Structures are given as structure tokens and as C-alpha cells.
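In case you want the letters, here they are:
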Amino acid sequence: MGQPTQLFPRCFDVRILLDDAPRYRGTIHDDAVARARGYKAALIPGAFVYGHISRVAIDSWGADWADRGAISARFRKPVYNHDEVTVSAGPLADDGVFQRSMVSVRNGDDEEVATGWVALAHEAVSPPDRAGLRLLPTPEDPPAVSPGEIQAGAPLKSRERVLSAADFKTSLSAFAETHPIYEDIGFVHSGMLMRTAMGDVNSTWKFPAAVVLVEVETQHFERVYPGQSIRTAGHVAETFERKGKHYLGTDEVLLADGRPAARFRRTQIYG
């Protein structure tokens, strides 16, 4: 268990399928709604593409990656429900601290829809100091914000929750994840951790439109298991406007039973 099953370079094909979560109904992530708006099918959230990229790391480094691995993904073009994509990972480069492989995701028209990398540190990575993190509760009625209103330095808020066995199973189904390591060892999928932190943090405000994930970089510090209590702390790292779109960059630390388990640096369009 935890040993690699694939090496670099490599590539594999994935058929992208959304799960039937009720939260997607009536949104752009619903096939009928998306087609009515002129898209060929429902748009896939970036978190799902991120989850598929993480397969490269798990296949290659096993459980070690959940302890000291890292991943970066930038979403360049829309991915649609039922798309066939190819995930390609290049040869490893070693800088003495990390082994790293560059990753590209291409659709059936050979368009690059996402880029990024996966990496494994040679030694454990020191997590952020727990004492410097502010844990603030999600407001019952989050304030509405207009484009450009959010300021750098603003604290992020979240709720505390216990990851259940049902959450764990649902996340594997959502990512169409079949790697036996998750059942054999039982740690939580990186995609679920990122989605959970993203969902908690985004409940800090009421946004003027649906947010769009643009880029995320993750560093893992330890595995997370069902039954642990999780919470997210962090702040707005930057905000900027480009071509009429307003961007929000956040620095988030996911705590599991009070210990930093992962850090997410995330950029999204919020208006």
C-alpha cells in the first residue's frame, strides 16, 4: 500500500461526467440549462479537472503524496460534461527539494484546457504556524459584495464540520475515483479537501455572480481521514481586475483536528 503503480512520463484518457448532486440543478452545471444558454453541455467545475490531475500523483507516489505532495492547476478553457480528455504528465525534474512533473490536459479537439504540475517533496514540508491562523465563523447572513469591493487582507470565514464516511464515499463517486488506495488506506481525496475549503471560504460573502475557479496550488502536510473535524482559516491575498473581470486570490489552510493538513492558494473570478 502507498507504493507507486505508474512512473513518468505517462498519459491517460478520462471521460468527464458530473455526478447528479442536487446543487447543480438549475445552474450552468446542469446539461439542460447549459444547452439553453448555448453551450454544448454542462460546464465542469475546475475542481473536477483538478481531481483528475491528482490521479497522476496518486498513481505515481501513492500515499506519500497525501503527506508531502503538491499540485498546481490552471484552467484555460471550458470542459464540458461527457468530454473525453487526455491527461499527460512529462518526465520528472528534481530541484533537490521536490520531484516535479509538468501536466497538460487536452480535449478531443486537441485544445489545451488545463495545465499544471504535480510534485513530491523529498522530506516533510513544515506547515504554517497554527498560532497565526484566525478561525472565524461563517456568518448566518453573509454580506453581499459588488465587483471590486473585496480588499486584500480581508479574513476568510468557515464552519467546523466532521468529515463523515458518507462524505468520503460521495467524494470518490463525484470524482469517478477508482484507485484502490483510497479504500485500502481510507484517506480523503485531495479534490474533496480543496472543494470543501473552497465552499467554506466562498460562504464568507454573497457574490454578485457564480464564481469561476481559475487557478489553484496545493501543498499537503498530512493525510485527512473520515471522522476528523475540519476547518478552514485564511485571508484574501490579492484582488485585481483584468478585462472587466474581478479576481480574488486567497490563501487558505485546512485544519484537521486542529492541525494544518493542506494549504490552498486559489484564484477565482467573482464578478
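Placed above this text is the structure.
Residues numbered from 1 in each chain as written. Predicted model: local features only at pLDDT ≥ 70, side-chain atom pairs only at ≥ 80, totals over all residues. Heavy atoms only, no water.

Trainee: I'm lost on the side chain of Asp83 in this one. Help?
Mentor: Inspection of the secondary structure puts Asp83 in the loop between β2 (69-75) and β3 (84-89). In this structure Asp83 comes out as buried when scored by relative accessible area, which is 9%. Engagement of the side chain of Asp83 in a polar contact is seen with the backbone nitrogen of Tyr80, the distance being 3.0 Å. (Helix = DSSP H or I, 4+ residues; strand = E, 2+ residues; numbered from the N terminus. Buried < 20%, exposed > 50% of the residue type's maximum accessible area, 1.4 Å probe, protein only. Polar contact = N/O pair within 3.5 Å; in protein donor to acceptor, adjacent residues only side chain to side chain.)

Trainee: Which parts of the structure should I look at to understand the packing of aromatic side chains?
Mentor: Two aromatic rings are characterised by how far apart their centres lie and by the angle between their planes. With the rule as written, the count across this model stands at eight aromatic pairs. Judged by centre distance (5.2 Å) and plane angle (55 degrees), the ring pair of Tyr182 and Phe187 falls under tilted. As far as burial versus exposure is concerned, Tyr182 and Phe187 are alike and both buried. Members of the aromatic cluster, each reached through a chain of ring pairs, are Tyr24, Phe48 and Phe175. The positively charged end of Arg100 is found above the aromatic ring belonging to Trp117, 4.2 Å away from the centroid. (Phe/Tyr/Trp six-rings, centres within 6.5 Å; stacked < 30°, edge-to-face > 60°. Lys NZ or Arg CZ within 6 Å of the ring centre and 35° of its normal.)

Trainee: Which parts of the structure should I look at to understand the side chain of Asp31?
Mentor: One can find Asp31 in helix α1 (residues 31-36). Here the side chain of Asp31 touches His82 through a polar contact of 3.2 Å, side chain to side chain. Apart from the residues within four sequence positions on either side, Asp31 is in contact with Ala41, Ala42, Asn81 and His82. (Contact = heavy atoms within 4.5 Å.)

Trainee: I tried to follow the pattern of salt bridges on my own but got confused; where do I start?
Mentor: If the charged atoms of two oppositely charged side chains come close together, the side chains can form a pair. This structure, assessed with the given rule, holds 14 salt bridges. Linking Arg55 and Glu177 is a salt bridge whose minimum nitrogen-to-oxygen distance equals 3.8 Å. With Arg55 in helix α2 (residues 46-61) and Glu177 in the loop between α4 (165-174) and α5 (180-185), this pair connects stretches of sequence that are 122 residues apart. Both residues of the pair, Arg55 and Glu177, belong to the buried class. Ionic pairing is found between Arg74 and Glu215, a salt bridge with its closest N-O pair at 2.8 Å. On the criterion of sequence distance, the pair formed by Arg74 in strand β2 and Glu215 in strand β8 (residues 212-220) is long-range, its members being 141 residues apart. (Salt bridge = Lys/Arg side-chain N within 4 Å of Asp/Glu carboxyl O.)

Trainee: Sorry if this is basic, but what is going on with α2 here?
Mentor: Count 3.6 residues to each turn of an α-helix, and residues three or four apart come out pointing the same way. Its 16 residues give α2 an end-to-end C-alpha distance of 23 Å, which sits within 8% of 22 Å, the value for a rise of 1.5 Å per residue. Along α2, 16 of the 16 residues are buried, which leaves the element largely enclosed by surrounding structure. Note on α2: the residue one or two positions beyond its end, Gly62, has a positive phi of about 65 degrees. (Expected span 1.5 Å × (residues − 1).)

Trainee: Can you walk me through empty space enclosed by the protein in this structure?
Mentor: Empty space left among the atoms is revealed by rolling a probe the size of a water molecule over them. Following the criterion strictly, the structure yields one cavity of 30 Å³ or more and no others. What the largest cavity holds in volume is close to 50 Å³. Lining of the largest cavity is provided by Trp65, Ala66, Tyr182, Phe187, Val188, His189, Ser190, Leu193, His220, Glu222, Arg223 and Val224. Looking at the lining of the largest cavity, the elements that each hand over two or more residues are α3 (64-68) and α6 (190-202). Taken together, the residues of the lining of the largest cavity break down into seven nonpolar, three polar and two charged. (1 Å grid on protein atoms, 1.4 Å probe; cavity = no way out; pocket = protein on both sides within 12 Å on 5 of 7 lines; lining within 4 Å. Points joined across faces, edges and corners; volume = space filled by probe spheres on them. Nonpolar A, V, L, I, M, F, W, Y, C, P; charged D, E, K, R; others polar.)

Trainee: Would you mind going over the environment of Ser101 with me for this structure?
Mentor: Tracing the backbone through its elements, the reader meets Ser101 in strand β5 (residues 98-106). Considering only alpha carbons, one finds Ser101 and Ser88, 13 residues apart in sequence, at a separation of 9.6 Å. For Ser101, the side chain forms a polar contact with the main-chain oxygen of Gly90, separated by 2.7 Å.

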